[in-house]
Amino acid sequence: MHYSCLEHVDMAIDIVIEEGSGEPPQLEELTEELKQSTGCEFCRNSAIYIVSNGRSIHYVDN
Ligand SMILES: [Zn+2]
């Protein structure tokens with residue numbers, strides 16, 4: 001899974017597609033707390049979204 005800001009979410013989606021799990025990429029917005037502690041993988045901004053394939057999203061237990 002990949003963390004990205006709003007600007008780079010397309011890049012994160014492309015990477016997930018290239019990783020080729022066969023699952024469609026899924027976008028989830030980070031919680032406010034995580035936004036502040038997580039950086040975008042592609043720049044120095046705070047991450048807004050987590051992009052993953054359909055199988056790995058369940059790390060969040062709400
Ligand atoms: Zn970014």
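Here the structure is shown first, and the text comes after it.
1. Notes on the overall build of the protein chain
1) Next: Helices and strands together make up the secondary structure of the protein chain, namely two helices and three strands.
2) Next: Traced from its N-terminal end to its C-terminal end, the protein chain shows the element sequence β-α-β-α-β.
3) Next: For the protein chain, the proportion of its 62 residues judged to be buried stands at 23%.
4) Next: Counting only contacts in the protein chain whose residues sit at least 6 apart along the sequence, the fraction spanning at least 24 positions is 63%.

2. A few points about the sheet that holds strand E2 (residues 26-29)
1) Next: Read from one edge to the other, the open sheet built from three strands follows the order E1-E3-E2, with strand pairing classed as antiparallel. Either end of the sheet is taken by a strand with one partner, and the two such strands are strand E1 (2-4) and E2. For this sheet the average axis-to-axis angle between neighbouring strands, irrespective of direction, equals 30°.
2) Next: Of the pairings in the sheet, the one linking E2 to strand E3 (residues 49-52) comprises four bridges and is antiparallel in character. In the strand pairing of E3, Gln 26 is matched with Ser 52.

3. Points about the environment of Ser 46
1) Next: On the secondary structure map, Ser 46 appears in the loop between helix H2 (32-37) and E3.
2) Next: According to the C-beta neighbour criterion, Ser 46 is partly exposed, with 16 such atoms within 10 Å.
3) Next: It is 9.2 Å that separates the C-alpha atoms of Ser 46 and Leu 6, two residues lying 40 residues apart in sequence.
4) Next: Setting aside chain neighbours within four positions, we find Ser 46 in contact with Cys 5, Lys 35, Gln 36, Thr 38, Gly 39 and Cys 40.

4. Some thoughts on the nonpolar core
1) Next: Membership of the largest hydrophobic core is limited to ten residues, which are Tyr 3, Cys 5, Val 9, Ala 12, Val 16, Cys 40, Ala 47, Tyr 49, Ile 50 and Val 51.
2) Next: Ignoring anything within four residues of it in the chain, the contact list for Tyr 3 reads Thr 38, Gly 39, Cys 40, Glu 41, Ala 47 and Ile 50.

5. Notes on the environment of Gly 20
1) Next: Mapped onto the fold, Gly 20 is located in the loop between helix H1 (9-19) and E2.
2) Next: Classification of Gly 20 by C-beta neighbours within 10 Å gives exposed; the count is 8.

About the cut-offs
Residues numbered from 1 in each chain as written. Predicted model: local features only at pLDDT ≥ 70, side-chain atom pairs only at ≥ 80, totals over all residues. Helix = DSSP H or I, 4+ residues; strand = E, 2+ residues; numbered from the N terminus. Buried ≥ 20, exposed ≤ 12 C-beta atoms within 10 Å, placed from the backbone. Contact = placed C-beta atoms within 7 Å. Pairing = 2+ DSSP bridges. Axes fitted to C-alpha atoms, helices over the stretch in contact; angles between N-to-C directions. Core = buried A, V, L, I, M, F, W, Y, C linked by C-beta atoms within 7 Å.

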